[in-house]
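Geometric and topological summary
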Amino acid sequence: MYPSHDIATLILRTQTRLYIGAGGGTLLNALYHTVPAIHITAVELRQEVMDAAEMYFKLPRGKRINLEVANAIDYIADGLPKKVDVLMTDLYNTEGMDCAVLQTSFIENCAKNIKEDGWLALNCWIDQKNNHELTAIIKQHFNDVRALDTGSGNWVIIAGKRVDNSNAKEPQSRCTKAQRQNGLSINQMVV
């Protein structure tokens with residue numbers, strides 16, 4: 001397990017993201033307003049969810065964000081027009097976490113759509129913490145696998161195609177600087 005500042009620094013220092021499972025858009029909103037150079041594509045299955053996110057949660061609109069209504073599993077399988085720095089998943093349905101996220105084909109498709117120095121952030125329920133099969137699948141496609149217990153029932157797996165050898169103080173320093181510049185607590189973003 002890694003401190004939240006390590007995870008947040010990896011996510012904050014990249015520019016192009018695909019966020020699947022947009023939901024209410026809280027994280028999208030925070031990233032959009034915190035990282036000026038960011039370009040986000042957000043995919044959500046249900047138009048009603050996207051409408052609610054815009055109406056009640058101020059989902060951002062602008063040239064740096066592209067909102068798509070589509071099945072995220074199919075969207076990834078079809079391939080992106082351009083690979084992304086970070087692919088963030090938060091796929092839940094009325095029955096809980098979408099089990100397709102745990103499948104080999106989904107992880108493979110994610111890896112194909114991420115740049116060679118890019119990252120996958122896979123938001124799971126805490127019960128996946130000891131899912132050694134999932135970890136083994138991820139390690140087949142990613143060289144740097146980390147995880148974060150959010151303390152709220154989620155287990156976020158962060159997987160990089162390349163190993164990040166930053167020293168322990170460097171991520172904390174960058175994260176602290178980003179927090180000061182933007183008036184934002186990273187713990188608010190890594191939920």
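This text follows the structure it describes.
Residues numbered from 1 in each chain as written. Predicted model: local features only at pLDDT ≥ 70, side-chain atom pairs only at ≥ 80, totals over all residues. Heavy atoms only, no water.

1. Some details on the overall build of the protein chain
Applied cut-off: The helix count covers DSSP runs of H or I at least four residues long, the strand count covers runs of E at least two residues long, and both are numbered beginning at the N terminus. Residue exposure (1.4 Å probe, protein chains only): buried if accessible area is under 20% of the type maximum, exposed if over 50%, otherwise partly exposed. Pairs of residues are marked as contacts when any of their non-hydrogen atoms sit within 4.5 Å. Where accessible areas are quoted, they stem from the Shrake-Rupley method and a 1.4 Å probe; at the residue level, only the protein chains shown are allowed to cover.
When its secondary structure is counted, the protein chain shows eight helices and nine strands. Residues classed as buried in the protein chain amount to 49% of the 191 residues present. Contacts spanning at least 24 positions in sequence make up 67% of the contacts within the protein chain whose residues lie at least 6 apart. For the protein chain, the computed accessible surface area is about 9900 Å², with 49% contributed by carbon and sulfur atoms.

2. Quick look at the side chain of Arg64
Inclusion rule: Contacts described as polar in this section are N or O atom pairs within 3.5 Å, which, within protein, must combine one atom able to donate a hydrogen with one able to accept it, while residues neighboring in sequence count only if both atoms come from side chains.
Along the chain, Arg64 falls in the loop between helix H3 (47-57) and strand E3 (65-69). Here Tyr32 takes part through its backbone oxygen, which lies 3.1 Å from a polar atom of the side chain of Arg64. Here Val35 takes part through its backbone oxygen, which lies 3.2 Å from a polar atom of the side chain of Arg64. Residue contacts for Arg64: discarding those within four places in its chain leaves Tyr32, Val35, Pro36, Ala37, Ile38, His39 and Ile40.

3. Digging into a nonpolar patch on the surface
Rules: The patches described consist of residues with a relative accessible area above 30% and no salt bridge, like charges being joined within 9 Å and nonpolar side chains (Val, Leu, Ile, Met, Phe, Trp, Tyr) within 5 Å. Here, a salt bridge means any side-chain nitrogen of Lys or Arg that lies within 4 Å of a carboxyl oxygen of Asp or Glu.
A contiguous nonpolar patch, built from Met55, Tyr56 and Phe57 and spanning about 400 Å² of accessible area, is present on the exposed surface. Residue position: Tyr56 is located in helix H3. Since its relative accessible area comes to 60%, Tyr56 is described here as exposed.

4. With respect to the nonpolar core
Put simply, the rule reads: Within this scheme, the nonpolar core is defined by two criteria: the residues are buried Ala, Val, Leu, Ile, Met, Phe, Trp, Tyr or Cys, and they are joined through side-chain atoms within 4.5 Å.
The biggest cluster of nonpolar side chains holds 29 residues, and the ones touching the most others in it are Leu18, Ile20, Leu87, Phe106, Ile107 and Leu122. Secondary-structure elements contributing two or more residues to this core are strand E1 (16-20), helix H4 (72-77), strand E4 (84-89), helix H5 (104-112), strand E7 (114-125), helix H6 (132-141) and strand E9 (154-160). Once residues lying within four places of it in the same chain are set aside, the contact partners of Leu87 are Leu18, Ile20, Ile76, Cys110, Asn113, Ile114, Trp119, Leu120 and Ala121. Among the nonpolar cores identified, the runner-up in size contains 22 residues, and Ile38, Leu59, Ile65 and Ala121 belong to it.

5. Digging into the sheet that holds E1
Inclusion rule: Each pair of strands is called paired provided DSSP finds at least two bridges between the two strands. Under this scheme, a helix contributes an axis fitted over its contacting stretch, all axes are lines through C-alpha atoms, and angles between N-to-C directions fall in the 0 to 180 degree range.
If you trace the seven strands from one edge of the open sheet to the other, you get E3-E2-E1-E4-E7-E9-E8, paired in mixed fashion. Of all the strands in the sheet, just E3 and strand E8 (144-149) have a single pairing partner and so form its edges. Here the average twist between neighbouring strands, direction ignored, is 15°. Pairing geometry for E1 and strand E2 (residues 39-44), over five bridges, is parallel. Within the sheet, the bridge partner assigned to Ile20 lies in E2 and is Val43. Sitting on the sheet, helix H2 (residues 26-34) is in contact with E1, E2, E3 and E4, with an inclination near 170° to E2. Seen against the sheet, H3 touches E2 and E3 and runs at an angle of roughly 145° to E3.

Function-wise, these values are silent; they only describe arrangement.
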